[in-house]
Amino acid sequence: MKVLIVGGNSSLGRILKNTFAGFDEVITAGRRNCDIYLDLADPKSKVRLPEDLDVVIHTAAQFGIRSDEEILNTEEINVLGTLKLCQAAVQAKAEHFILISSIFSTLGSTANNYNIYTLSKKHGEEVAELYCSEHSLPLTILKPSPLYGSDESFRVHQPFFYTMVDKAQNGEDISLYGSNDPIRNYLHAQDLSEIIVRVVHGKVNGSYSCTFPVDVTYSQIAKSAFKAFKKNGKVYFQKDKPDIADIFFEKDFSLYERLGFYPKISIEEGMKKISDKRMSIK
């Protein structure tokens, strides 16, 4: 198959390229280190894609939520950039469009983590659904929970996660604010990559959440990191500080049942992969 990965130099894009390698023709598009130069942040840029693509996989995203400039760029890339790609995919006669969105798009406006990124990902899904429906372009929307992996580039979007990893590697104790042990859900990027490949080859359409089957707490993450690095640090709670809130996502395993594949890299195995990677480059 002829597969185009938009955001080919992203953390997920690089893993995805390797997963497809060997049995599909892979083309990458992005602002740097890709086969095709593509800047979705430029409102004046024209998006042109190679013709006769089997699938376009859109992994590019903007995460800025603070300054006015960041907010505009987030909407420009996550919403208008998605629309531009859908239009270009139709013009290139692509047979399938896959949008990698976020589980955060499912949050309501009263949720603690609701922000412009959340809103823009939801808007991006909506414009993709509208345009692809009107032009009969098969569409798949995947909404993964926060991603992590062995590559240090994942740190940008999961700073506290990797701070715990750093402390565990150094044998330092890990402190958590408050008395609540916050619940989280993390998905290893290799698992998501395998899901995407199966969606492509199975020509699966529709909109799906992609979470790890089991939630974890911060203390579980920390203890898994200590174990992976064979260190004896401890986890303690600063009970005089405000509690860190839980983040719950509704789980829907219908996609996994359809693919015959469930994410399988547990937090313990994921930490071992990070440890092995770091030890190998010392």
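Before going into details, it helps to say that this report is about the structure given with it. Note that the coordinates shown come from a computational prediction; the quantities given were computed from them, not determined experimentally.

### Re empty space enclosed by the protein
Now for step 1: Scanning the entire structure with this criterion turns up one cavity of 30 Å³ or more.
Now for step 2: In this model, the largest cavity occupies a volume close to 50 Å³.
Now for step 3: If you go around the largest cavity, the residues you meet are Tyr 148, Tyr 186, Phe 212, Val 214, Val 216, Ile 265, Ser 266 and Ile 267.
Now for step 4: Taken together, the residues that form the lining of the largest cavity break down as seven nonpolar, one polar and no charged.

### Comments concerning unusual backbone geometry
Now for step 1: For Ser 136, which is not a glycine, the phi torsion comes out positive at approximately 55 degrees.
Now for step 2: Assignment of secondary structure puts Ser 136 in the loop between helix H3 (116-134) and strand E6 (139-144).

### Digging into the packing of helix H4 (residues 159-169) against helix H6 (residues 218-229)
Now for step 1: Contact geometry for H4 and H6: axes closest at 8 Å, N-to-C directions at 40 degrees. Helix-helix and strand crossings are classified by hand; for H4 and H6 the assignment is right-handed. Residues Phe 160, Phe 161, Met 164, Val 165, Lys 167, Ala 168 and Gln 169 of H4 form the contact with H6, whose participating residues are Tyr 218, Ile 221, Ala 222, Ala 225, Phe 226 and Phe 229.
Now for step 2: The class makeup of the residues in the contact of H4 with H6 is eleven nonpolar, one polar and one charged.

### So, helix H5 (residues 189-202)
Now for step 1: Along its 14 residues, H5 runs 20 Å from first to last C-alpha, staying within 8% of the 20 Å computed at 1.5 Å per residue.
Now for step 2: Buried residues of H5: Ala 189, Asp 191, Leu 192, Ser 193, Ile 195, Ile 196, Val 197, Val 199 and Val 200, and no others.

### Looking at the sheet that holds strand E5 (residues 97-100)
Now for step 1: If you trace the seven strands from one edge of the open sheet to the other, you get E3-E2-E1-E4-E5-E6-E11, paired in parallel fashion. Both outer strands of the open sheet, strand E3 (36-37) and strand E11 (206-210), are each paired with one neighbouring strand and no more.
Now for step 2: Of the pairings in the sheet, the one linking strand E1 (residues 2-6) to strand E2 (residues 25-30) comprises five bridges and is parallel in character. Residue pairing in the sheet places Val 3 in a bridge with Val 26 of E2.

### Here's the deal with the pairing of strand E4 (residues 55-58)
It is a general feature of regular strands that their side chains alternate between the two faces of the sheet.
Now for step 1: What you see with E4 is no split at all: Val 55 and Ile 57 on one side and Val 56 and His 58 on the other are buried throughout.
Now for step 2: The pairing of E4 with E5 spans three bridges and is parallel. Looking across to E5, one finds that Ile 57 is bridged to Ile 98.

### A closer look at the environment of Asn 180
Now for step 1: Relative to the assigned elements, Asn 180 resides in the loop between strand E8 (174-177) and strand E9 (183-184).
Now for step 2: Among the residues examined, Asn 180 registers a relative accessible area of 23% and is labelled partly exposed.
Now for step 3: Between the C-alpha atom of Asn 180 and that of Asp 243, which follows or precedes it by 63 residues, the distance is 5.6 Å.
Now for step 4: Within the structure, the side chain of Asn 180 is placed 2.8 Å from the backbone oxygen of Ile 244, a separation counted as a polar contact.

Parameters at a glance
- Residues numbered from 1 in each chain as written.
- Predicted model: local features only at pLDDT ≥ 70, side-chain atom pairs only at ≥ 80, totals over all residues.
- Heavy atoms only, no water.
- 1 Å grid on protein atoms, 1.4 Å probe; cavity = no way out; pocket = protein on both sides within 12 Å on 5 of 7 lines; lining within 4 Å.
- Points joined across faces, edges and corners; volume = space filled by probe spheres on them.
- Nonpolar A, V, L, I, M, F, W, Y, C, P; charged D, E, K, R; others polar.
- Helix = DSSP H or I, 4+ residues; strand = E, 2+ residues; numbered from the N terminus.
- Axes fitted to C-alpha atoms, helices over the stretch in contact; angles between N-to-C directions.
- Left-handed = near helix turned anticlockwise from the far one by under 90°.
- Contact = heavy atoms within 4.5 Å.
- Expected span 1.5 Å × (residues − 1).
- Buried < 20%, exposed > 50% of the residue type's maximum accessible area, 1.4 Å probe, protein only.
- Pairing = 2+ DSSP bridges.
- Polar contact = N/O pair within 3.5 Å; in protein donor to acceptor, adjacent residues only side chain to side chain.

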